[in-house]
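# Observations on the model geometry
These are the residues of each chain, in order.
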Amino acid sequence: MGNLSLPTEEKETPAAAKTKNNNNRKNVKTRTCSMRVAMLAKRNVREATENVLESMPKPTQAVDTALVRGPKWSTWSRYKTAVDQEKVLKFASEILELKYERSIMEIDDRWSSAYGELEFDSVKFPDVKAMVDDLHLKGFKVTLWVTPFVTEGTRAYKEGVKNGYFVKSKVLTPGHSKAGFFSWWQPTPVVAIDLTNKDAREWFLNGLKSLQTRYGIDGFKFDAGEPCFLPKEFETKVPMKHPSEYTKLWSTEIAKTFELCEVRSGHHSTNSGVWTRIGDTFSSWTTSNGLRSLIPHLLTSSIVGYPLCLPDMIGGNAYAGGPSKELFVRWAQANCFMPAMQFSIPPWEFGKDVSEATNKILKTRLKLIDLIEDLSIKSSKTLQPICKPLWWLAPEDSNTFDINDQFCLGDDIVVAPVVYDKQRRREVYLPKGEWKEFDGEKIFSGGQWIEGGYEAGIYDIPAFVRVI
């Protein structure tokens, strides 16, 4: 523990203020503040990271590996809020007819009659049970998108207000005319379920379980949960020491209840053992939330205790226009070696060439499934990363420290995806050892950069398997 000295402005008495005015100077005094600083002395960054991971709470339940064994298909990027029963069944039929691998069909935003109503829109989804049964017959598990938000005027809102189930506030959030309401990414103002209130949690969970009982829903995509989506100067039934405790409750008290689920945020919730999705990405090549942000996000999640990382939809969310053919293919290639894959923009919509390229990528994925499943089960117990930075394999090799466009799958595969438009050759660094091309026979010595770079045609994924 050390002491930190901070210059602070002393509160002025009237006499001091008069002196200040007369002399035009500040009365500044140095105050000593104490701050606890814990230093972790280890030989290298890998040992330090492993030490921290060992200290974190571990999951108490086995992970559902359905997301590993086949790609997840989401309605979001393709249909946005215009999703309905006919489109979902058409989507599933196309996947089946074109012989794509599958695991989950996730029905995203606006399947419900209103935000917060845990009931299907009967106009858009006239026969939910028949739809879910059909999807099950086609080999899909079915999940629904949910948030902790409720809109005014709904049955859920009236019941929640009556029973005190929502986060309160005595002041107005800017732009809103009623206390407790706030803005989010959709234009409809909402209130938030008070997750510190046990009765409110049970009310919400009972609604979700009812969907499972009545329709056969297999699980849920738990969106939001961050404290930025709460009203100004919020008040909860049980006071929170920190706003991020709301995020922890969303993961550990709500999402963790279901075997098949995913969240997009976490806070002291490494013991939840749920899939953690990287946030919405843009359909671009950039490091600013585009393809080049994918690997840094994956690795950050992996080394801070959330190894069950679900990359966002291949090709991005198409908010400002969809991806090019090349961006889509390169995105799928990068995602192939990651813990899970999810599609929403259909590969076949780009034409035969992209569809064939995607099928080739999924065939490569099939070779990895057993390994990724084993690593996922292990990591769900130990928090050890599934995908690792290069320095994990060579923690004292300074060349590996700032490489942010390569990663390792386990300890014996190095992946160097192409993340720049029109690039056909890229630099690749291999840790010490002997490495063979994943889909070839050429051998490379590690502990150095591949001389002249590595050729990577549009259908090639630069990946290497340890020989020695």
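Here goes a summary of the coordinates provided. (Residues numbered from 1 in each chain as written. Predicted model: local features only at pLDDT ≥ 70, side-chain atom pairs only at ≥ 80, totals over all residues. Heavy atoms only, no water.)

### Brief notes about a nonpolar patch on the surface
Among the surface-exposed residues, Met-35, Val-37 and Met-39 lie close enough to one another that they form a single nonpolar patch of about 330 Å² accessible area. Residue position: Met-39 is located in the loop between β2 (28–35) and α2 (45–55). (Patch = residues over 30% accessible without salt bridge, like charges linked within 9 Å, V, L, I, M, F, W, Y side chains within 5 Å. Areas by Shrake-Rupley, 256 points an atom, 1.4 Å probe, with all protein chains shown as cover. Salt bridge = Lys/Arg side-chain N within 4 Å of Asp/Glu carboxyl O. Helix = DSSP H or I, 4+ residues; strand = E, 2+ residues; numbered from the N terminus.)

### Describing the pairing of strand β9 (residues 219–222)
Residues Gly-219 and Lys-221 point to one face of β9 and Phe-220 and Phe-222 to the other, with burial holding for every one of them. Relative to β9, strand β5 (residues 141–146) is paired through four bridges, and the arrangement is parallel. In the sheet register, Leu-144 faces β9, and the bridge partner there is Phe-220. Pairing analysis gives four bridges linking β9 to strand β11 (residues 260–263), with the strands arranged parallel. What sits directly across from Gly-219, in β11, is Leu-260. (Buried < 20%, exposed > 50% of the residue type's maximum accessible area, 1.4 Å probe, protein only. Pairing = 2+ DSSP bridges.)

### Focus: the pattern of salt bridges
It is possible for side chains of opposite charge to pair when their charged atoms get near one another. In total, this model carries 32 salt bridges according to the counting rule given. A salt bridge links Asp-64 to Lys-141; its shortest N-O distance comes to 3.6 Å. Taken together, the residues Asp-64 in the loop between α2 and α3 (66–69) and Lys-141 in strand β5 connect sequence positions 77 residues apart. Assessed through its relative accessible area of 9%, Asp-64 is described here as buried. Taking the relative accessible area as the measure of exposure, Lys-141 reaches 33% and is therefore partly exposed.

### Regarding the side chain of Thr-147
Among the secondary structure elements, Thr-147 is positioned in the loop between β5 and β6 (149–150). Only 3.2 Å separates the side chain of Thr-147 from the backbone nitrogen of Phe-149, close enough to count as a polar contact. (Polar contact = N/O pair within 3.5 Å; in protein donor to acceptor, adjacent residues only side chain to side chain.)

### Brief notes about the packing of helix α11 (residues 325–336) against helix α12 (residues 352–382)
The geometry of α11 relative to α12 is characterised by a closest axis approach of 9 Å and an angle of 10 degrees between their N-to-C directions. The pairing of α11 with α12 is recorded here as roughly parallel in orientation. Of the residues in α12, those in contact with Lys-325, Phe-328, Val-329, Ala-332, Gln-333, Asn-335 and Cys-336 of α11 are Asp-353, Val-354, Ala-357, Thr-358, Ile-361, Thr-364, Arg-365, Leu-368 and Ile-372. Among the residues making up the contact of α11 with α12, the classes are represented as nine nonpolar, four polar and three charged. (Axes fitted to C-alpha atoms, helices over the stretch in contact; angles between N-to-C directions. Parallel < 35°, antiparallel > 145°, perpendicular 65-115°, else oblique. Contact = heavy atoms within 4.5 Å. Nonpolar A, V, L, I, M, F, W, Y, C, P; charged D, E, K, R; others polar.)

### Remarks on the sheet that holds β9
Pairing is parallel across the open sheet formed by eight strands, whose spatial order is β13-β12-β11-β9-β5-β4-β3-β14. Strand pairing shows two members of the sheet lacking a second neighbour, β13 (309–310) and β14 (342–343), which therefore form its edges. Sheet strands in contact with helix α6 (residues 128–137) are β4 (104–107) and β5, and its direction is about 130 degrees off that of β5.

### Section: the sheet that holds strand β16 (residues 407–409)
One open sheet accounts for six strands, arranged β15-β16-β17-β24-β20-β21; its pairing is antiparallel. Every other strand in the sheet has two partners, leaving β15 (387–388) and β21 (443–445) as the edge strands with one partner each. The pairing of β15 with β16 spans two bridges and is classified as antiparallel. Of the residues in β16, the one forming a bridge with Cys-387 is Leu-409. Lying on the sheet, α12 is in contact with β16 and β17 (413–415); it crosses β16 at an angle near 90 degrees.

### Details of the packing of helix α5 (residues 85–97) against α6
Viewed as axis vectors pointing N to C, α5 and α6 meet at an angle of 10 degrees, and their least axial separation amounts to 11 Å. One element, α5, and the other, α6, form an angle in the roughly parallel class. Only Val-128, Met-131, Asp-134 and Leu-135 of α6 make contact with α5, whose side of the interface consists of Gln-85, Val-88, Leu-89 and Ala-92. Its residues assigned to classes, the contact of α5 with α6 comprises six nonpolar, one polar and one charged.

### A look at the packing of aromatic side chains
Taken as a whole, this structure holds 35 aromatic pairs when the rule is applied. Arranged with centres 5.9 Å apart and planes meeting at 90 degrees, the rings of Trp-73 and Phe-91 form a pair that is edge-to-face. One end of the pair, Trp-73, is in strand β3 (residues 72–74); the other, Phe-91, is in helix α5, and 18 residues separate them in sequence. Of the two residues, Trp-73 and Phe-91, both sit in the buried class. (Phe/Tyr/Trp six-rings, centres within 6.5 Å; stacked < 30°, edge-to-face > 60°.)

### A word on helix α10 (residues 294–303)
The complete set of buried residues in α10 reads Leu-294, Ile-295, Leu-298, Leu-299, Ser-301 and Ser-302. Projection of α10 onto a plane perpendicular to its axis shows the buried side chains occupying an angular sector of 160 degrees, all on one side. Downstream of α10 by one or two residues, Gly-305 has phi in the positive range, about 105 degrees. (Arc of directions from axis to C-beta.)

### Quick word on the nonpolar core
By size, the foremost hydrophobic cluster in this structure holds 115 residues, and its most contacted members are Phe-120, Met-131, Phe-222 and Phe-337. The element best represented in this core is α12, accounting for eight residues. Those residues in contact with Phe-222 that sit more than four places away from it in its chain are Val-146, Phe-204, Leu-208, Trp-250, Ile-254, Ala-255, Phe-258, Cys-261, Glu-262, Val-263 and Arg-264. Among the nonpolar cores identified, the runner-up in size contains 18 residues, and Leu-390, Trp-392, Leu-393 and Val-428 belong to it. (Core = buried A, V, L, I, M, F, W, Y, C linked by side-chain atoms within 4.5 Å.)

### Structural notes on the state of the cysteines
For the structure shown, the criterion picks out zero disulfides. Of all cysteine sulfurs in the structure, the one in Cys-309 sits closest to Cys-228, which takes part in no disulfide; the separation is 19 Å. Taking relative accessible area as the criterion, Cys-228 reaches 57% and is therefore assigned exposed. Free of any disulfide, Cys-261 has its nearest neighbouring cysteine sulfur in Cys-309, separated by 14 Å. Classification of Cys-261 by relative accessible area gives buried; the value is 6%. (Disulfide = S-S within 2.5 Å.)

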